[in-house]
Amino acid sequence: MTQKKRIFVILIPALIIIAANTLYAQPEKDADQTLSPYFLVKSHDTDVDQLPLKSTEAQVNISGVIADVTVTQVYKNEGNKPLEAIYVFPASTRAAVYGMKMTIGERTITAKIREREQARQEYNQAKQAGKSASLLEQHRPNVFQMNVANILPSDVIQVELKYTELLIPTDTVYEFVYPTVVGPRYVDRQADEGGSSDTWTTNPYLHQGEAPAYTFNISVDIAAGLPIQDMACDSHKTGVNYKGPDFAAVTLDPSEKQGGNRDFILKYRLAGGKIETGLLVFEGKEENFFLLMMQPPKRVVKKQIPPREYIFIVDVSGSMHGFPLNISKKLLKDLIGNLRPTDTFNVLLFAGGSQLMSEHSLPANPQNITRPINTIERQRGGGGTRLLPALKKALSLPKIEGFSRSIVIATDGYVAVEEQAFDLIRNNLGQANMFTFGIGSSVNRHLIEGMARVGMGEPFVITKPEKAAEKANRFRKLIESPVLTGIQVNFGGFEVYDVEPKSIPDVLADRPVIVFGKWRGKPRGSISIQGTTGEHAFSKKVDVSGAPPLQTNSALRYLWARHRIALLSDYNKLNKQDERVKEVTQLGLTYNLLTAYTSFVAVDTQIRLQDGQAVTVKQPLPLPQGVSDYAVGGNRSFAVAGKTGSSLSSAPSVSGLKGRVMEESLEYKKECFLQTVKPKSDASAHDKNTIEVGEVIVTGELPEKSIRELLKKHIRLFNICFRQALEKQPNLKGKVVFKMVIDSAGGVTKVDLNKGDKKGSEFKRCMLQELKKLHFPASKGGKKSIVLITFVLK
């Protein structure tokens, strides 16, 4: 009987905030406000330091398979007003954050672990009392937030956090990844619909190509335990100093001091392709821990591969514009172009909506393969990233009897629906494997790795177009022949408990089998692993007595707890009453770990701010390298070539995204896949039509110059409104005046056509939404402004 199996593949690319209640304060919440990111509007207030984070540095020590990382963030207030800084930053999805301390001058305060609400309360009390304090919270397993309160003028405050993680080699290659920036997240709900855990997505961003406003540095010391054969860092320019056959020191080149806009990725291989395997044991005062890493057998290629059905889901939203979409095109061209004649396939494009090639999968013949490849090649990226509806649609497609299904999804991962995606995959897969591809320079590894983990598959990350073919080939090998299946572990004579994972999934890549746990009594007996490789049985045994307990293995307690927390946390979207929430909270408190429900807080004993209140500032985040402005809202179009050569998108239904990511409701036509049509030329008839800013009349304190500068930065979006309206109203010309009310914080609270103007409804709707998203500098006098803006339509 042919085994029916679905295999899902997801391709995905992956925030400093300094949050503001005056400089970049959000306007009063209204029905149009969402939780999405927006572009920075600089203030002319020289009294407030808008960029208090001056540097971030990481010192990494790798011993064998365990990395210990110390991250140091330096804040300095170069303005004349006291500040509160908020910095949202990424970390490894496997990071176990176990310590934090804050240094002010010669005083160092060690942070304490608290339940999240208690830590926030202690921090707020210290802030109100005029004490300097720092608070470290987790928003996602790979997204953290640092708050530093009451940074006085000329203050230098240093915050240091420590984490550890396990390095697991794949195909004999070790990889250490240090994420540097959180990409803008697409959020398609209003602010009053989201919980407090989602407010971190509302951040100002720099424009594409702008360097980070802080310096970045990293150094890595590797004590591999075995001779190092070769080492490479493709993400940054580095220097390597070998101090022995098994020890290397890696330093960042000085030219990379502004390299904090992409993941730092270091890869190395041990001599002879060997990997560190065996048993690590730690004996503590109250609990004992072990870690087993078992090398799997060599891959056995099956002679008979059953026919497969592939469904390719391709994200063509605005955040995929440019570099990420180019990688996806190359990858999908390789995957689709190398299907076997016995395979069938389907293609689904998605952004704010979705478009399916066929209601059922088609044979992989040359004619059918050419059409979707040509269609994908014409995509440029535009609109929101509605991942969940695309997943649901693919999962609902009827299966073909006798075929194993593989679903391949290409997306950037800049969404805030990780837990919902995990639930959807887990509840619909059945017998299946999910493969995820992260595409870009700073991907959302929580989503990429999490979907692979719950889907019993493998994650991939592609940072450069030239790596696409290599990853596609590796994916095909994993599909064709798993390394080890039906795995069972026996702990004969070794008294263990709280073993993770409960069951071991099939090993698809050349990667060690990993088992964590606790033990009692004496470390004796043996651990054996059995399974099937190809058509043959596999068995391997480890002598426990040959691995004496070592204090250098103390990180095992953190690694075990972090692994347990990950399994509990990403199982599904938890409510506060769930028993798993209580278990995660207790694990965080017991093992001194940062979790979604426990935080670190450090409070100075001195009252430093006697009078007044600190200004909270939102510092802009750099866009990840290769990510365009379209990720934040630089494009509202989603171009899919149709039979007439024009865009298939209807007038976009843009929710009020407050100057940030736009969602589009698209009506797709199946014909775009069924016909090969020349795409619409860039030099369309309307490209010569432009919108210009004319007279600007201000009543209030806001300078006219600041208004004009902001309007000029967003003129491209206004031009899109104008040109889209011209599709329905070719004679739309002349002048149009909008009236805006801007509050003291710089937010647009009201906007409408000035009395007497009667321009087209489509143009009006689009312009009203774009103008409402703008953020102006805060007024120094705390008063609102009324502005009349004349736009000239040519």
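Here, every reference points to the structure presented above.
Because the structure is predicted, anything quoted here is derived from the model rather than measured.

**Student:** Can you help me understand the packing of helix 4 (residues 387-395) against helix 5 (residues 418-428) in this one?
**Tutor:** Each pair of packed helices can be summarised by the angle the axes make with each other and by the distance between the axes. Two elements in contact, helix 4 and helix 5, have axes separated by 10 Å at closest approach and are oriented at 5°. In terms of axis orientation, helix 4 runs roughly parallel to helix 5. Counting all contacts with helix 4, which are made through Leu 387, Leu 388, Leu 391, Lys 392 and Leu 395, the residues of helix 5 involved are Gln 420, Ala 421, Leu 424 and Asn 428. A per-class count over the contact of helix 4 with helix 5 returns six nonpolar, two polar and one charged.

**Student:** Got a minute to help me understand helix 6 (residues 445-454) in this structure?
**Tutor:** Spacing of three or four residues puts side chains on the same side of an α-helix, whose turn is 3.6 residues. Of all 10 residues that make up helix 6, nine are buried, and the element is covered over most of its length. Listed as buried for helix 6 are Arg 445, His 446, Leu 447, Ile 448, Glu 449, Gly 450, Met 451, Ala 452 and Val 454.

**Student:** Can you help me understand the sheet that holds strand 34 (residues 615-617) in this one?
**Tutor:** Strand order in this open sheet of six strands is 8-33-9-10-5-34, and the pairing throughout is mixed. The strands lining the two open edges of the sheet, one partner per strand, are strand 8 (112-115) and strand 34. Taking the axes of each pair of neighbouring strands and ignoring which way they run, one obtains an average angle of 25° across the sheet. As paired elements, strand 8 and strand 33 (residues 598-607) share four bridges and run antiparallel to each other. Note that in strand 33 the partner of Ile 113 across the bridge is Phe 600. Against the sheet, helix 9 (residues 579-591) touches strand 8 and strand 33, its axis set at about 165° to strand 8.

**Student:** Just to check I follow, could you spell out the packing of aromatic side chains for this structure?
**Tutor:** Given two aromatic rings, one states the distance between the centres and the angle between the planes to describe the pair. A complete count under the given rule lists 20 aromatic pairs for this structure. Taking the centre distance of 5.5 Å and the plane angle of 75° together, the rings of Phe 435 and Phe 475 count as edge-to-face. A residue pair is termed long-range when its members are at least 10 positions apart, and Phe 435 in strand 26 (residues 432-439) and Phe 475 in helix 7 (residues 468-480) qualify at 40 residues. An identical accessibility class is assigned to Phe 435 and Phe 475; each is buried. Here a set of aromatic residues connected by ring pairs shows up, and it is made of Tyr 87, Phe 89, Phe 144 and Tyr 214. Positioned above the aromatic ring of Tyr 497, the side-chain terminus of Arg 520 is 3.8 Å from the ring centre.

Thresholds, definitions, all that
As a convention, each chain's residues are numbered from 1 in the sequence order in which they are written. Selection of residues for local features in this predicted model requires a pLDDT of at least 70, selection of side-chain atom pairs for listing and counting requires 80 or more, and totals for whole chains, interfaces and linings are taken over all residues. In computing side-chain values, all of the structure's heavy atoms are included and hydrogens and water are not. In this description, a line fitted to the C-alpha atoms serves as the axis of each element, helices being fitted only across the stretch in contact, and the angle between N-to-C directions of two axes falls anywhere from 0 to 180 degrees. The helix count covers DSSP runs of H or I at least four residues long, the strand count covers runs of E at least two residues long, and both are numbered beginning at the N terminus. Here is the rule for angles: anything less than 35 degrees is roughly parallel, anything more than 145 is roughly antiparallel, 65 through 115 is roughly perpendicular, and the remaining ranges are oblique. The contact criterion used throughout is that any non-hydrogen atoms of two residues lie within 4.5 Å. Any residue that is not Ala, Val, Leu, Ile, Met, Phe, Trp, Tyr, Cys, Pro, Asp, Glu, Lys or Arg is counted as polar, Gly included; the first ten are nonpolar and the last four charged. For the exposure calls, accessible area comes from a 1.4 Å probe over protein chains only, and a residue counts as buried if that area is under 20% of its type's maximum, exposed if over 50%, partly exposed in between. When DSSP locates at least two bridges between a pair of strands, those strands are taken to pair. A pair of aromatic rings is counted whenever rings of Phe, Tyr or Trp (Trp by its six-membered ring) have centres within 6.5 Å, and the orientation is called stacked for planes under 30 degrees apart, edge-to-face for over 60 and tilted otherwise. The rule is short: NZ of Lys or CZ of Arg within 6 Å of the ring centre and within 35 degrees of the ring normal puts a charge over the ring.

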